[in-house]
Amino acid sequence: MNKLFYLFAAALLVAAYPTGASAQLKIGGKKLNAGKLLSAGKDVAKAITLSDDDIARLSRESVEWMDAHNPVADDSTSYGARLKRLTEGITEVDGLPLNFKVYLVVDVNAFACGDGSIRVFAALMDLMDDDELMSIIGHEIGHVVHADTKHAMKNAYLASAARNAEGSALAKLSDSQLGEVVTAFTDAQFSQKQKYAADEYGFEFAVKHGFSPYGMSNSLNKLVELSKGAKASTVQKMFSSHPDSEKRAARMKEKADAYTAAQQ
């Protein structure tokens with residue numbers, strides 16, 4: 001049986017046969033505090049059935065944590081001013097309010113959360129021109145629109161709950177627990193199908209807002225080249241699969257060629 005099955009089984013046993021807060025159970029030769037295990041077991045169960053409101057709240061808390069633990073560029077900086085210029089008038093998508101910020105960090109990355117928070121890393125802005133950057137931002141928004149980030153956040157919370165099964169409940173996340181959720185969320189890997197769909201959304205998003213249809217393919221090509229070079233460690237996992245990214249870039253170039261030909 002796997003760890004989560006043990007966790008649920010133990011929690012059910014404690015609920016059926018309570019013996020006090022200091023009760024101990026042995027699983028695999030290891031003593032577990034029954035009261036804490038029951039509390040954590042409920043938290044794991046809750047993670048499986050997180051509502052959209054729960055995800056939005058957890059997303060807000062996670063973004064607040066990230067904003068507090070990363071240097072944020074204000075509008076007076078070149079990074080902040082550039083992002084503000086590029087996203088001017090882009091205030092919502094499918095009724096979800098959007099907000100944009102730049103992190104002054106060396107990793108090449110960007111992400112979006114289910115609460116509409118879009119975060120772009122300065123090193124990515126250094127690498128991309130405006131067309132490419134907006135395609136990537138559109139790609140990240142696509143993951144929100146398609147509920148990919150919702151499931152990633154849910155899984156991140158579930159992973160944290162499982163890791164903390166022998167500790168206190170996660171009803172109110174501590175700073176360190178939020179850090180665990182954020183790490184799991186930002187390390188999340190999307191499926192090929194999800195990435196392709198987000199590429200499509202990024203393409204349409206860029207074109208809709210007046211940017212080049214080649215931005216998506218060009219940005220992917222740049223990330224492929226970077227992931228092969230000396231600075232490969234600065235590229236997050238979402239960009240580091242060479243064959244997949246190369247195929248995605250070629251696919252988006254074909255789409256851009258077809259779009260350009262149709263406009264002539």
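Before reading further, recall that the structure is shown in the block above.
Each chain carries its own residue numbering, running from 1 in the direction its sequence is written. Per-residue local features of the predicted model are confined to residues with pLDDT of at least 70, and side-chain atom pairs are confined, for both listing and counting, to 80 or more; whole-chain, interface and lining totals are unaffected and use all residues. Each side-chain value is worked out from all heavy atoms of the structure, with water and hydrogens disregarded.

(A) Structural view of the overall build of the protein. For the purposes of this entry, the term helix denotes a DSSP run of H or I that reaches at least four residues, the term strand denotes a run of E that reaches at least two, and both are numbered from the N terminus. Secondary structure summary: the protein contains eleven helices and eight strands in total. Counting over 264 residues, the protein shows a buried share of 45%. Considering only contacts within the protein whose residues lie at least 6 apart along the sequence, 65% involve residues at least 24 apart. The protein chains shown are the only cover counted for residues, whose accessible areas, like all others here, come from Shrake-Rupley with a 1.4 Å probe. Carbon together with sulfur atoms contributes 55% to the accessible area of the protein, which is approximately 13000 Å² in total. Only protein chains enter the accessibility calculation, which uses a 1.4 Å probe. A residue is then buried if its area is under 20% of the maximum for its type, exposed if over 50%, and partly exposed in between. A contact between two residues is defined here by any heavy atoms of the two lying within 4.5 Å.

(B) Up close: the sheet that holds strand β3 (residues 72-73). With mixed pairing, four strands are arranged side by side in an open sheet as β3-β6-β8-β7. Lying at the two open borders of the sheet, with one neighbouring strand each, are β3 and β7 (110-112). Its contacts with the sheet place helix α3 (residues 52-69) against β3, β6 (99-103), β7 and β8 (117-121), and it is angled at close to 35° to β6. Any two strands are treated as partners once DSSP identifies two or more bridges connecting them. To obtain each axis, a line is fitted to C-alpha atoms, and for helices this fit is confined to the stretch in contact; angles are then taken between N-to-C directions over 0 to 180 degrees.

(C) Structural context of the environment of R82. Mapping R82 onto the fold places it in helix α4 (residues 78-87). Ignoring anything within four residues of it in the chain, the contact list for R82 reads M125, M128, D129, D130 and L133.

(D) Spatial organisation of the packing of helix α6 (residues 130-145) against helix α10 (residues 215-228). Two numbers describe how α6 lies on α10: the axes approach to 8 Å, and their chain directions differ by 95°. Overall, the two elements α6 and α10 adopt an arrangement that is roughly perpendicular. On the side of α6, the interface is formed by D131, E132, S135, I136 and H139, while α10 contributes G215, M216, N218, S219, K222 and L223. Working rule for angles: under 35 degrees goes down as roughly parallel, over 145 as roughly antiparallel, 65 to 115 as roughly perpendicular, anything else as oblique.

(E) Quick peek at the pattern of salt bridges. One speaks of a salt bridge when a side-chain nitrogen belonging to Lys or Arg is within 4 Å of a carboxyl oxygen belonging to Asp or Glu. Counted according to the given criterion, the structure contains 14 salt bridges. Between D130 and R85 there is a salt bridge whose closest N-O contact spans 3.2 Å. Taken together, the residues D130 in helix α6 and R85 in helix α4 connect sequence positions 45 residues apart. In this structure R85 comes out as partly exposed when scored by relative accessible area, which is 48%. Between E204 and K255 there is a salt bridge whose closest N-O contact spans 3.6 Å. Of the two residues, E204 is situated in helix α9 (residues 192-208) and K255 in helix α11 (residues 242-263); the sequence distance between them amounts to 51 residues. The structure contains a network of salt bridges with shared partners spanning K195, D199, D244 and R248.

(F) Highlighting the packing of aromatic side chains. Stacked, tilted and edge-to-face pairs are distinguished by plane angle, under 30 degrees for stacked and over 60 for edge-to-face with tilted covering the rest, among Phe, Tyr and Trp rings (Trp via its six-membered ring) whose centres lie within 6.5 Å. A complete count under the given rule lists four aromatic pairs for this structure. Each ring, one from Y103 and one from F121, has its centre 5.7 Å from the other, and the planes form 40°; the classification is tilted. Taken as a pair, Y103 in strand β6 and F121 in strand β8 lie far apart in primary sequence, 18 residues in all. You'll find Y103 and F121 in the same group, each marked buried.

(G) Inspection of the packing of α4 against α6 at higher detail. Across the interface, α4 lies against α6 with an axial gap of 11 Å and an inter-helix angle of 70°. Considering the angle they form, α4 stands roughly perpendicular to α6. Counting all contacts with α4, which are made through R82, L83, R85, L86 and T87, the residues of α6 involved are D130, L133, M134 and I137. Tallied by class, residues from the contact of α4 with α6 come to five nonpolar, one polar and three charged. The residue classification treats Ala, Val, Leu, Ile, Met, Phe, Trp, Tyr, Cys and Pro as nonpolar and Asp, Glu, Lys and Arg as charged. All others, Gly included, are polar.

(H) A look at the layout of surface pockets. Definitions used for this entry: grid spacing 1 Å over protein atoms alone; cavity, a set of points where a 1.4 Å probe fits but cannot get out; pocket, an open set with protein on both sides within 12 Å along at least 5 of 7 lines; lining residue, one with an atom within 4 Å of a point. Grid points are joined across faces, edges and corners, and a volume is the space filled by probe spheres set on the points. Of the volumes computed, that of the largest pocket is approximately 240 Å³. Looking at the largest pocket, the residues that line it are D52, I55, A56, V93, D94, L96, G114, V144, V145, A147, T149 and K150. Split by residue class, the lining of the largest pocket holds seven nonpolar, two polar and three charged.

(I) How the structure looks around the nonpolar core. Here, nonpolar core means buried Ala, Val, Leu, Ile, Met, Phe, Trp, Tyr and Cys residues that are tied together by side-chain atoms lying within 4.5 Å of each other. Membership of the largest hydrophobic core comes to 29 residues, with the highest contact counts inside it found for L124, L133 and I137. At the level of secondary structure, the elements contributing two or more residues to this core comprise α4, β6, β7, β8, α5 (122-127), α6, α9 and α10. Examining the composition of this core, we find that six residues originate from one element, α6, more than from any other. Sequence-distant contacts of L133, that is, excluding residues within four places in its chain, are made with R82, L86, V120, L124, M125 and M128. Counting residues in hydrophobic clusters, the runner-up holds 18 residues, among them W65, F121, V181 and F190.

Purely geometric numbers; function is a separate question.
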